[in-house]
Amino acid sequence: VQLVESGGGLVQAGGSLRLSCVASGRTFSGYMMGWFRRAPGKEREFVAAITWRADFIYYEESVRGRFTISRDNARNTVYLQMNNLNAEDTAVYYCTASDTWILRTPSTYKYWGQGTQVTVSS
């Protein structure tokens, strides 16, 4: 099973990036897909999650209104559109999959990608 993220990079404050995560190796039918991030010197932090049918979507408060999570089940892909980025968004972003409804606890997520670096310059 693999989750492979892409789309990270260096962007100026106020700019945008779109992260993608392609899943392979098994069907993720019924799985909730999410994004976490880890900033330097900090714990891994929940960012956003989306259920299989996209009927429930959740965001961490600091990204609400700026980030949008979406998924394309036919392509086994989940996206994170990030707008109006600021320096506090600088982190390694991880794609993850869970068969539970527990959002903010990393240990409840079954599969993880290797991470993609997002750096926002101020």
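Residues numbered from 1 in each chain as written. Predicted model: local features only at pLDDT ≥ 70, side-chain atom pairs only at ≥ 80, totals over all residues. Heavy atoms only, no water.

Caption draft 1: Structural view of the state of the cysteines. Going through the model one piece at a time under the given rule, you end up with one disulfide. The disulfide partner of Cys21 is Cys95, and the S-S distance across this bridge is 2.0 Å. The disulfide joining Cys21 to Cys95 has a torsion of about -75° about its S-S bond and is therefore left-handed. In this pair, Cys21 is assigned in strand β3 (residues 17–24) and Cys95 in strand β9 (residues 91–98), connecting sequence segments 74 residues apart. (Disulfide = S-S within 2.5 Å. Helix = DSSP H or I, 4+ residues; strand = E, 2+ residues; numbered from the N terminus.)

Caption draft 2: Molecular detail of unusual backbone geometry. Residue Ala54 is not a glycine yet carries a positive backbone phi of 60°. Looking at where Ala54 falls in the secondary structure, it is placed in the loop between β5 (44–50) and β6 (57–59). Take Ala54: its relative accessible area is 36%, and that puts it in the partly exposed class. With phi around 50°, Asn76 is a residue other than glycine that occupies positive phi space. Its place among the elements puts Asn76 in the loop between β7 (67–72) and β8 (77–82). (Buried < 20%, exposed > 50% of the residue type's maximum accessible area, 1.4 Å probe, protein only.)

Caption draft 3: Here's a closer look at the pattern of salt bridges. On inspection of all chains with the given rule, the structure shows six salt bridges. Residues Arg64 and Glu61 are paired through a salt bridge, measuring 3.4 Å at the closest nitrogen-oxygen approach. The exposure class assigned to Arg64 is partly exposed, which follows from its relative accessible area of 46%. Two residues, Asp89 and Arg66, come together in a salt bridge whose shortest N-O distance is 2.7 Å. Residue Asp89 is found in the loop between β8 and β9, and its partner Arg66 is found in the loop between β6 and β7; the two are separated by 23 residues along the sequence. Here Asp89 and Arg66 have matching classes, each one buried. Via salt bridges that share partners, Arg37, Glu45, Arg66 and Asp89 belong to a single interconnected network. (Salt bridge = Lys/Arg side-chain N within 4 Å of Asp/Glu carboxyl O.)

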